[in-house]
Amino acid sequence: SSSTSQCSYEEYKETADWLLARTEQRPKVAIICGSGLGGLADLLDDKTTFPYEDIPGFPTTASTVPGHAGQLVFGRLQGRDCVCMQGRFHFYEGYSMHKVTYPVRVFYLLGVKTVIVTNAAGGLNGSYEVGDIMLIKDHINMPGFAGQNPLCGHNDVRFGERFPCMSDAYDHELRALVKQTAEEQGCGSFLQEGVYCMLAGPTYETIAECKLLQKLGADCVGMSTVPEVVVARHCGLRVLGLSLVTNKVVTDYDSVEKANHEEVLRTTQRRTQDVQRLVSHLIPKI
Ligand code: R1P
């Protein structure tokens, strides 16, 4: 159950101290790389890399999802210390929500102030094109509706309060900076802003589910991000979220299109440079 799988403050602290003893870098920004978006971490200068299996307390098998390398990379981006998760943990891999979000609390204990979460997502909004970048303005925590919220269980006030507010989860100022930077970097024509809905996965959505999510006001759908954002906001980190629209969801019973991870990774390849340019030019402004 969610209560027995909880991690103690001391466990997060042990992980953070282990990392602090092995790098001189003191990042204020953490970046979580979505499927196929791990190239962001390759941009860092003066890298120190820790495979997840070497880090005490970290889940270890993230590398089983193609497009997720499975290592933590410290380095400098545009002169700023950053830490990148090259590969994230997904609930459908069998991890508890506490394990999925484990790194976020470690980031908090490292002194990180801002988390940039990225993901590959299906486009529900009919006006979105494959290859669009959606700035996340809000989310729908569907697993949360079903009792799978990473904050379920004992609340440790050293991280945050029992009932955190989520209406301001996606930082207003950071969103304005993304829009400005996208214009400067020639990404304005394919930047969208909308609502991300998380489903547990690993199945892609049925046609009926897609129609439902559209009615609920979701613009993109994926299997990650929301638990990380919930835990980040709980401990007071600022959050910026970016979804790359890797495919359009199927909503037509006559369609022969089928969602598949190969297409997802192909689209991320096509747009990876743009996402990297956007994020790296944003970093000095944060
Ligand atoms: C499905 O193609 C995979 O891509 C997305 C989904 O969540 C799922 O894991 O990955 P990220 O959200 O990690 O980018």
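Data block above holds the structure.
As the structure is a computational prediction, the values presented were derived from the model and not from experiment.

This part is about the packing of helix H1 (residues 9-20) against helix H4 (residues 102-110). In contact at an axis separation of 9 Å, H1 and H4 are set at 60 degrees when each is read in the N-to-C sense. Viewed along their axes, H1 and H4 adopt a mutual orientation that is oblique. For the pair H1 and H4, the sense of crossing is right-handed. Contacts between H1 and H4 involve Tyr 9, Glu 11, Tyr 12, Lys 13, Thr 15, Ala 16, Leu 19 and Leu 20 from the first element and Tyr 102, Arg 105, Val 106, Leu 109 and Leu 110 from the second.

This next bit is on the site of the ligand. In the neighbourhood of the ligand, 13 residues make up the surrounding shell, with Ser 35, Tyr 92, Tyr 204, Ser 224 and His 261 lying closest. A distance of 2.7 Å separates an oxygen atom of the ligand from a polar backbone atom of Ser 35. Take Met 223: an N or O atom from its main chain is 3.0 Å from an oxygen atom of the ligand. Only strand E5 (114-123) and helix H9 (261-282) provide two or more residues apiece to the shell around the ligand. Here the residues of the shell around the ligand are counted per class, giving five nonpolar, seven polar and one charged.

To continue, consider unusual backbone geometry. The omega torsion across Gly 201 and Pro 202 is 0 degrees, close enough to zero to call that bond cis. Along the chain, Pro 202 falls in the loop between strand E7 (191-198) and helix H7 (207-215). The phi angle at Gln 78 is positive, at roughly 50 degrees, despite the residue not being glycine. Position of Gln 78 relative to the elements: it lies in the loop between strand E3 (71-77) and strand E4 (80-86). A positive phi is found at Thr 225, a non-glycine position, where the angle reads about 70 degrees. Inspection of the secondary structure puts Thr 225 in the loop between strand E8 (220-222) and helix H8 (226-234).

With respect to the helices and strands, Val 279 occurs in helix H9. C-alpha of Val 279 to C-alpha of Thr 118: the two residues are 161 residues apart in sequence and 10.0 Å apart in space. Residues in contact with Val 279, not counting those within four places in the same chain, are Ile 31, Leu 40, Ile 116 and Leu 242.

Per the stated rule, a full pass over the model turns up 13 salt bridges. Between Glu 184 and Lys 285 there is a salt bridge, with the nearest N and O atoms lying 2.8 Å from each other. Of the two residues, Glu 184 is situated in helix H6 (residues 172-184) and Lys 285 in the segment after H9; the sequence distance between them amounts to 101 residues. On the basis of relative accessibility, which here comes to 29%, the residue Lys 285 falls in the partly exposed class. Between Arg 271 and Asp 274 there is a salt bridge, and its shortest N-O distance comes to 3.0 Å. One end of the pair is Arg 271 and the other is Asp 274, both in helix H9 and three residues apart, which spans about a single turn. Each of the two residues, Arg 271 as well as Asp 274, counts as buried. Each of the salt bridges in this network shares a partner with another, and the network as a whole consists of Glu 10, Asp 156 and Arg 158.

Right, let's get into the side chain of Thr 101. Looking at the element boundaries, Thr 101 is found in the loop between helix H3 (97-100) and H4. Reaching out from Thr 101, the side chain makes a polar contact with the backbone oxygen of Met 97 at a distance of 2.8 Å. Apart from residues lying up to four places away in sequence, Thr 101 is in contact with Pro 150, Pro 227, Glu 228 and Val 231.

A few words on the pairing of E5. Across the ten residues of E5, ten count as buried, placing the element largely inside the fold. Relative to E5, strand E1 (residues 29-32) runs parallel, the two sharing four bridges. Among the inter-strand pairings, Val 29 is bridged to a residue of E5, identified as Thr 114.

Considering the arrangement of structural elements, one finds Leu 72 in strand E3. Of the residues examined, Leu 72 reaches a relative accessible area of 0% and is grouped as buried. Along the backbone, Leu 72 and Ile 31 are 41 residues apart, and their C-alpha atoms lie at a distance of 10.0 Å. Not counting chain neighbours up to four residues away, the residues in contact with Leu 72 comprise Leu 19, Thr 48, Thr 49, Phe 50, Tyr 52, Ile 55, Phe 58, Val 83, Cys 84, Met 85 and Phe 107.

Applying the stated criterion across every chain yields a total of zero disulfides. Cys 187 carries a free sulfur, and the closest cysteine sulfur to it, the one in Cys 220, is 16 Å from it. The class of Cys 187 is buried, set by a relative accessible area of 1%. The closest cysteine sulfur to the non-disulfide-bonded Cys 197 is located on Cys 210, 10 Å from its own sulfur. Judged by its relative accessible area of 0%, Cys 197 falls in the buried class.

Basis of the calculations
Residues numbered from 1 in each chain as written. Predicted model: local features only at pLDDT ≥ 70, side-chain atom pairs only at ≥ 80, totals over all residues. Heavy atoms only, no water. Axes fitted to C-alpha atoms, helices over the stretch in contact; angles between N-to-C directions. Helix = DSSP H or I, 4+ residues; strand = E, 2+ residues; numbered from the N terminus. Parallel < 35°, antiparallel > 145°, perpendicular 65-115°, else oblique. Left-handed = near helix turned anticlockwise from the far one by under 90°. Contact = heavy atoms within 4.5 Å. Near = heavy atom within 4 Å. Polar contact = N/O pair within 3.5 Å; in protein donor to acceptor, adjacent residues only side chain to side chain. Nonpolar A, V, L, I, M, F, W, Y, C, P; charged D, E, K, R; others polar. Salt bridge = Lys/Arg side-chain N within 4 Å of Asp/Glu carboxyl O. Buried < 20%, exposed > 50% of the residue type's maximum accessible area, 1.4 Å probe, protein only. Pairing = 2+ DSSP bridges. Disulfide = S-S within 2.5 Å.

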